Amino acid sequence: MLNELNITILIRFLNAFTFHCWPGMSVQSNILAARSISNILRTSLGPKGMDKMLVSPDGDVTITNDGATILDRMHVDHQVAKLMVELSASQDDEIGDGTTGVVVLAGALLEQAEKLLNRGIHPVRVAEGFEKAAEVAIETLDKIGDRVEFSSENIDPLVTTAMTTLSSKIINVNKEKMARIAVNAVLNVADIERGDVNFDMIRMEGKPGGSLEDTELVNGIVIDKEISHPQMSKEIKDAKMCILTCPFEPPKPKTKHKLDITSKEAYEKLYNQEQEYFREMVQQVKDSGANLVICQWGFDDEANHLLLQNGLPAVRWVGGVEIEHIAIATGARIVPRFSELSEEKLGKAGVVREVSFGNTKERMLVIEDCANSNAVTVLVRGGNKMIVEEAKRSLH
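Starting from 1, residues in each chain are numbered consecutively following that chain's sequence as written. Side-chain atom pairs in this predicted model are given and counted only at pLDDT of 80 or more, local residue features only at pLDDT of at least 70, and totals for whole chains, interfaces and linings cover all residues. To obtain the side-chain values, all non-hydrogen atoms of the structure were included, while hydrogens and water were left out.

Caption draft 1: View of the environment of Met-241. Helix and strand assignments come from DSSP, with helices taken as H or I runs of at least 4 residues and strands as E runs of at least 2, each series counted from the N terminus. With respect to the helices and strands, the residue Met-241 is situated in strand 8 (residues 235-244). As for Met-241 and Gln-284, which are separated by 43 residues in sequence, their C-alpha atoms are 13 Å apart. Should any heavy atoms of two residues lie within 4.5 Å, those residues are counted as being in contact. In this view, Met-241 contacts Leu-292, Ile-294, Ile-326, Thr-330, Leu-346, Gly-347, Ala-349, Val-352 and Ile-367; residues no more than four positions away in its chain are not counted.

Pasting the structure below:
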C-alpha cells in the first residue's frame with residue numbers, strides 16, 4: 001500500500017541511516033545487513049506468501065506472515081538491521097498495513113543502490129537521487145489517485161478495500177465477512193463529519209473453539225470473565241454498575257501484627273466484626289442504587305455469599321485496562337473506596353449478560369447498549385490459540 005507517508009518514511013530511512021557509514025562499518029556491510037532482513041520477509045509477501053513459524057526462548061510458538069510481528073519477534077544485533085525493524089514498526093503505527101512490502105521495497109532499492117556505489121557514485125548522490133525519485137513517485141500517485149465516495153448507507157467501497165488488505169492473511173477464506181466486521185466496527189465509533197475515529201473504543205477479544213466463521217461483531221464490550229457465583233442472575237437488564245478498585249474484605253493493618261484468640265467469645269467477637277464490615281460494604285453498594293458490581297480485585301466466599309443474598313451480581317478480577325474501557329463506555333466513575341459510592345458514579349448499560357461457548361462451558365461477559373459511547377468488540381473465534389491470535393493481528 002503506497003502513499004505519500006509510506007514513501008517519506010522509506011526515503012528518510014534510506015538517506016538518513018543506510019548511506020552514512022558508522023564507525024567500524026562500511027556502506028556495503030550496512031546494505032548487506034538490511035538486505036538480509038529484507039530477504040527473510042520476501043517469501044511472506046503477497047497472497048501467495050508463506051507463513052513463518054517463530055519460536056521464542058520460552059518455547060512459545062507464533063505462526064504469522066505479518067511483517068511487523070516477524071521483525072518484532074526476531075533478535076537482531078546489527079544496528080542497521082534494527083533500523084529495518086523500526087522501519088516496519090513505523091509503517092505499522094502510521095498506516096497499519098504494508099509492513100512486509102515496505103521492508104522488501106527498501107531491500108530492493110538498496111540492492112540497486114549497491115550497484116551504483118560499485119560504479120563509483122558517491123553515496124550522497126545516490127541519496128539525492130532517492131529524494132528526487134520520491135518526489136516523482138508522490139506526484140504520480142497524486143495524478144493517478146482516485147477519490148472513492150462512500151456513506152453509511154453505501155459501504156461497499158470500504159468493504160472492497162478491506163478485502164484487498166486481507167487477501168494475504170490467514171483469514172482470506174472468510175475475507176468478505178471479516179472485511180464487513182472491520183468496516184462496521186470502525187463506522188460504529190467514527191465521527192464521519194469530523195473525520196475522526198476513536199480506535200480505543202474497538203476491542204479485540206479472542207476465544208479458541210469454533211471456527212473463523214463464528215467471528216462476530218458485538219455492539220458493546222466483551223470481557224473474558226464470568227459472574228462470580230453460579231446462582232447469581234446471568235442477565236441484568238437496565239444495568240447500573242459500580243466499578244470498584246477496592247477489595248471486598250475487612251481493612252488490614254499496615255504494620256506487622258499478631259492476634260491471639262484464647263476463647264470462644266473472642267473468636268465470635270472477631271467473626272461478628274468481620275461480618276459487620278462485609279454487611280456495611282454491601283449496604284453501601286445497595287444504597288448507591290447499583291444492581292451490578294464490577295471489582296478489580298477478588299473477594300472471598302463470605303463476601304460472595306452476602307452479595308448473592310442481597311441480589312447483587314458481581315464480577316471479580318477485572319483487569320485495569322478492561323475497567324477503564326467499561327468506565328468510558330458506560331459513563332461510570334472508577335471508585336477507590338466504598339464510602340465514595342453514589343448514584344452519580346454508576347455506569348449504565350441496556351443489558352449485561354453471561355454467554356457460554358460450546359460444550360466446554362467457557363463463559364464471557366457481554367455489556368451491550370452502553371450509555372456513553374458506541375463501543376464495539378470484535379470477538380474472534382478459531383480452532384486454537386495460534387489461529388485466534390493471527391486472526392486478531394490480521395484484523396487489527
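Further notes follow.
Caption draft 2: Up close: the nonpolar core. Definition used in this section: a nonpolar core is a set of buried Ala, Val, Leu, Ile, Met, Phe, Trp, Tyr and Cys residues joined via side-chain atoms within 4.5 Å. Burial status follows relative accessibility: with a 1.4 Å probe on protein chains alone, a residue under 20% of its type maximum counts as buried, one over 50% as exposed, and anything between as partly exposed. Within the largest apolar cluster, 64 residues are counted, with the highest numbers of intra-cluster contacts made by Met-241, Leu-244, Phe-248, Val-285, Leu-307 and Ile-326. What Leu-307 contacts, discounting residues up to four positions off in sequence, is Met-232, Phe-248, Val-282, Val-293, Phe-299, Leu-312 and Ala-314. Within the second largest apolar cluster, 24 residues are counted, among which are Val-27, Val-80, Ala-106 and Leu-110.

Caption draft 3: View of the pattern of salt bridges. Criterion for a salt bridge: a side-chain nitrogen of Lys or Arg within 4 Å of a carboxyl oxygen of Asp or Glu. Evaluation of the coordinates by the stated rule reveals 15 salt bridges. In this structure, Glu-205 and Arg-203 form a salt bridge, with 2.4 Å as the shortest nitrogen-oxygen distance. Glu-354 serves as the salt-bridge partner of Arg-363, at 3.3 Å between the closest nitrogen and oxygen. We classify Glu-354 as buried; its relative accessible area is 15%. Connected via shared salt-bridge partners are Asp-156, Glu-176 and Arg-180.

Caption draft 4: Representation of the layout of surface pockets. Whether a set of points on the 1 Å grid over the protein atoms alone is a cavity depends on a 1.4 Å probe fitting there but being unable to get out, while an open set qualifies as a pocket with protein on both sides within 12 Å along at least five of seven lines; lining residues are those with an atom within 4 Å of a point. Grid points are joined across faces, edges and corners, and a volume is the space filled by probe spheres set on the points. What the largest pocket holds in volume is close to 1600 Å³. In terms of lining, the largest pocket is formed by 39 residues, of which the most central are Ile-95, Val-186, Phe-199, Leu-395 and His-396. Looking at the lining of the largest pocket, the element that brings in the most residues is helix 8 (residues 175-189), giving six residues. When residue character is reported, Ala, Val, Leu, Ile, Met, Phe, Trp, Tyr, Cys and Pro are called nonpolar, Asp, Glu, Lys and Arg charged, and the others, Gly included, polar. Here the lining of the largest pocket is composed, by residue class, of 20 nonpolar, ten polar and nine charged.

Caption draft 5: Molecular detail of a negative patch on the surface. There is a patch of like negative charges on the surface, built from Glu-131, Glu-135, Glu-139 and Asp-142. Positionally, Glu-135 belongs in helix 6 (residues 123-144). Patch definition: residues above 30% relative accessible area lacking any salt bridge, with like charges linked at up to 9 Å and the nonpolar side chains Val, Leu, Ile, Met, Phe, Trp and Tyr linked at up to 5 Å. In this description, accessible areas are obtained by the Shrake-Rupley approach with a 1.4 Å probe, and a residue is regarded as covered only by the protein chains that are shown. His is not counted, nor are the chain ends; Lys and Arg add positive charge and Asp and Glu add negative charge. Charge positions are represented by NZ for Lys, CZ for Arg, CG for Asp and CD for Glu.

Caption draft 6: Representation of the state of the cysteines within the structure. Two cysteine sulfurs form a disulfide in these notes if their separation is within 2.5 Å. What the rule picks out here adds up to zero disulfides. The thiol of Cys-242 is not disulfide-bonded; the next cysteine sulfur, from Cys-295, is found 8.7 Å away. With no disulfide partner, Cys-370 has as its closest neighbouring cysteine sulfur the one in Cys-242, 16 Å distant. On the basis of relative accessibility, which here comes to 11%, the residue Cys-370 falls in the buried class.

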